[in-house]
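# Geometric and topological summary
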Amino acid sequence: MARRALITGITGQDGSYLAEHLLEQGYEVWGLVRGQANPRVSRMRKLLSDVQVVRGDLLDQGSLISAVERVQPDEVYNLGAISFVPMSWEQAELTAEVTGMGVLRMLEAIRVCSGVSRGSGSSGQIRFYQASSSEMFGQVSETPQTERTAFHPRSPYGVAKAYGHFLTQNYRESYGMFAVSGILFNHESPRRGAEFVTRKVSLGVARIKLGLATELRLGNLEARRDWGFAGDYVRAMHLMLQAATPEDYVIGTGRMKSVRELVEAAFAAAGLDWERYVVTDQALHRPAEVDLLCADPKKARAQLGWEPGVSFDELVAMMVESDLRLLSDGADPYEDSWP
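All values reported here derive from a predicted model rather than from experimental measurement.

## Section: the pairing of strand β1 (residues 4-8)
Counting buried residues in β1 gives five out of five residues, a clear majority hidden from the surface. Residues Arg4, Leu6 and Thr8 point to one face of β1 and Ala5 and Ile7 to the other, with burial holding for every one of them. Relative to strand β2 (residues 28-33), β1 runs parallel, the two being bridged by five bridges. Bridging from a neighbouring strand, Ile7 pairs with Gly31 of β2. Each parallel crossover has a hand, and the one from β1 via helix α1 (residues 13-24) to β2 is right-handed. Pairing of β1 with strand β4 (residues 75-78), which is carried by four bridges, proceeds in the parallel orientation. Note that in β4 the partner of Ile7 across the bridge is Tyr77.

See the structure below:
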């Protein structure tokens, strides 16, 4: 009998790649969606026709219990969140409710449906994956960052993710649940939302190349991140839930690149000189900047056998080429994030 997985955030970048990966592994895949009228659901179902849909909302405890009872999953992947960091300052309360409290509601739904009591052990239970984030490290105390590095989040998003991370750990230790967190560093793809800096750059380059724009306005070019390909990172999520014991893992490439290097690579992929088109704008800087993030993925490499497969330059070129095709076809990148 096929294993069954339930994914929150199925219509997002990570959810789509994870669903594809699990389907390839022979899983029966269900996606939690807030409503069938959502246009992103119809686009998702065109790409992932074998995914089944169940209604539920991370803001509504009862709906999550109903969804878990209906699906009876072997594994739950909680990827749903208000994930755009700048928006978390504008909608801090909603970010806390979805990105933070949503983790509590999903853990409670699993606990209730599994009949778990304190200290009862994890044998035969639903396995739970929480999408933690490198933004929890924020103002870093050491570089690179490991599973033991202290958190100092610098945004409401990072704070909410830290809450969800510690709560997952708490349910694991208090109830014996198989609950893990993947501390994923920046992972991108052609399916990344148009508001994120990597996609903003690839779209900006494509617009300039096609004569649809003359400049690209960006904020802090010196911020440094550990960027990888989302399709590689969802393999790590799956591996974490196949392990013999529940543990948290840092997932990243172990290499930092600045936004400036991202820009250089993207314009080079289109045969353009970035310095002719990029304008820095102080208004686009974060209220509290995170200057550098770099993963130490040794534990994932040693215990899970996970390695990234797509290089930084390959990732950037992939995104630029995808957006050139998207804009050439007349598509709206804010409506059609998935190629």
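From this point, the narrative continues.
## Focus on the packing of aromatic side chains
Scanning all chains against the criterion turns up nine aromatic pairs. A centroid spacing of 5.5 Å and a plane angle of 55 degrees characterise the contact between Phe151 and Phe166, whose relative ring orientation is tilted. With a gap of 15 residues between them, Phe151 in the loop between β5 (127-133) and α6 (156-175) and Phe166 in helix α6 connect regions that are remote in the sequence. Note on Phe151: relative accessible area 22%, which makes it partly exposed. Judged by centre distance (5.9 Å) and plane angle (5 degrees), the ring pair of Phe267 and Tyr277 falls under stacked. One end of the pair, Phe267, is in helix α9 (residues 259-269); the other, Tyr277, is in the loop between α9 and β13 (278-280), with 10 residues separating them in the sequence.

## What to know about the pairing of strand β6 (residues 179-184)
In terms of burial, β6 is largely enclosed, as six of its six residues are buried. Side-chain alternation along β6 places Ala179, Ser181 and Ile183 on one buried face and Val180, Gly182 and Leu184 on a second face that is also buried. Taken together, the six bridges between β5 and β6 define a ladder with parallel strand orientation. Paired with Gln130 across the bridge in β6 is Ser181. Tracing the backbone out of β5, into α6 and back to the parallel element β6 gives a crossover that is right-handed. By the bridge criterion, three bridges tie β6 to strand β11 (residues 249-251) in an arrangement that is parallel. Within the sheet, the bridge partner assigned to Leu184 lies in β11 and is Ile251.

## Brief notes about the packing of helix α7 (residues 197-209) against α9
Where α7 contacts α9, the two axes come as close as 10 Å, and the packing angle between them is 35 degrees. Considering only the axes of α7 and α9, their crossing is right-handed. Two secondary-structure elements touch here, α7 through Val197, Thr198, Val201, Val205 and Ile208 and α9 through Val259, Leu262, Val263, Ala266 and Phe267.

## So, unusual backbone geometry
Following Thr143, the chain continues into Pro144 via a peptide bond in cis, with omega recorded as 0 degrees. Note that Pro144 resides in the loop between β5 and α6.

## Considering the packing of helix α5 (residues 92-114) against α6
At a closest axis distance of 8 Å, the pairing of α5 and α6 adopts a crossing angle of 15 degrees. Between α5 and α6, the interaxial angle falls into the category roughly parallel. The hand of the α5/α6 crossing is right-handed. Counted together, Ala92, Thr95, Ala96, Thr99, Gly100, Met101, Val103, Leu104, Leu107, Glu108 and Arg111 of α5 and Pro156, Tyr157, Ala160, Lys161, Tyr163, Gly164, Leu167, Thr168, Tyr171 and Tyr175 of α6 form the full contact between these two elements. Residues that form the contact of α5 with α6 fall into these classes: 13 nonpolar, five polar and three charged.

## With respect to the environment of Val320
Counting through the fold element by element, Val320 comes out in helix α11 (residues 312-328). With 116 residues separating them along the chain, Val320 and Gly204 place their C-alpha atoms 9.0 Å apart. With residues up to four places along the chain from it excluded, the contact list for Val320 reads Ser202, Val205, Ala266, Ala269 and Ala270.

## Considerations on the sheet that holds β6
Across a sheet, paired strands are connected by hydrogen bonds in the backbone, their directions being either parallel or antiparallel. Ordered by their spatial adjacency, seven strands build an open sheet running β3-β2-β1-β4-β5-β6-β11, and the pairing between neighbours is parallel. Bordering the open sheet on either side are β3 (52-55) and β11, each of which pairs with just one other strand. Looking at each pair of strands side by side, their axes are set apart by 25 degrees on average, direction ignored. Along the sheet face, helix α3 (residues 61-71) touches β1, β2 and β3 and points at about 145 degrees away from the line of β3.

About the cut-offs
Residues numbered from 1 in each chain as written. Predicted model: local features only at pLDDT ≥ 70, side-chain atom pairs only at ≥ 80, totals over all residues. Heavy atoms only, no water. Buried < 20%, exposed > 50% of the residue type's maximum accessible area, 1.4 Å probe, protein only. Helix = DSSP H or I, 4+ residues; strand = E, 2+ residues; numbered from the N terminus. Pairing = 2+ DSSP bridges. Right-handed = clockwise from strand over helix to strand, strands pointing away. Phe/Tyr/Trp six-rings, centres within 6.5 Å; stacked < 30°, edge-to-face > 60°. Axes fitted to C-alpha atoms, helices over the stretch in contact; angles between N-to-C directions. Left-handed = near helix turned anticlockwise from the far one by under 90°. Contact = heavy atoms within 4.5 Å. Parallel < 35°, antiparallel > 145°, perpendicular 65-115°, else oblique. Nonpolar A, V, L, I, M, F, W, Y, C, P; charged D, E, K, R; others polar.

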